[in-house]
Amino acid sequence: MEEWVEVARFDTMSEAVNKEKARIEDLAMDVGLMPEKVVRVEEKDKGIISVHPEFYSYYGHN
């Protein structure tokens, strides 16, 4: 299994998490990927947004 890449972390699950997830999903669609396959949110103690490594290559990492 491939290691997903954490791209955002929030102190609490809030509307900010949903807004950032929606923004990243829009980026996924821009590069022709299905957001539900490449973006996920983990609800541990915090809101953590991770992306699939293939999408991360498009995401603009440095």
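Keep in mind that this is a model prediction, so the values were computed, not measured.

Trainee: Summarise the pattern of salt bridges; cite the residues concerned and give the values.
Mentor: Applying the stated criterion across every chain, the model contains four salt bridges. One salt bridge in this structure joins Glu 6 and Arg 9, with 2.8 Å as the shortest N-O distance. A salt bridge links Glu 20 to Arg 23; the nearest nitrogen and oxygen atoms lie 2.8 Å apart. Taken together, the positions of Glu 20 and Arg 23, both in helix H1 (residues 15-30) and three residues apart, correspond to about one turn of that helix. Exposure remark for Glu 20: the relative accessible area of 18% places this residue in the buried category. Classification of Arg 23 as partly exposed rests on a relative accessible area of 40%.

Trainee: Describe the sheet that holds strand S3 (residues 47-51), naming the residues involved and giving the relevant values.
Mentor: Strand order in the open sheet formed by three strands is S1-S3-S2, with antiparallel pairing between adjacent strands. Only two strands of the sheet have a single partner each, and these edge strands are strand S1 (5-10) and strand S2 (39-43). Pairs of neighbouring strands in the sheet enclose a mean axial angle of 25°, with direction left out of account. In the sheet, S2 pairs with S3 via five bridges, with the strands oriented antiparallel. Residue pairing for S3: Glu 43 is matched across the bridge by Gly 47. Seen against the sheet, H1 touches S1, S2 and S3 and runs at an angle of roughly 10° to S3.

Trainee: Please set out the side chain of Ser 50 residue by residue, giving values where relevant.
Mentor: Summarising the element assignment, Ser 50 is placed in strand S3. The contact partners of Ser 50, leaving out residues within four places of it in the chain, are Trp 4, Val 5, Glu 6, Val 7, Val 38, Val 39, Arg 40 and Glu 42.

Each value, and the rule that gives it
Residues numbered from 1 in each chain as written. Predicted model: local features only at pLDDT ≥ 70, side-chain atom pairs only at ≥ 80, totals over all residues. Heavy atoms only, no water. Salt bridge = Lys/Arg side-chain N within 4 Å of Asp/Glu carboxyl O. Helix = DSSP H or I, 4+ residues; strand = E, 2+ residues; numbered from the N terminus. Buried < 20%, exposed > 50% of the residue type's maximum accessible area, 1.4 Å probe, protein only. Pairing = 2+ DSSP bridges. Axes fitted to C-alpha atoms, helices over the stretch in contact; angles between N-to-C directions. Contact = heavy atoms within 4.5 Å.

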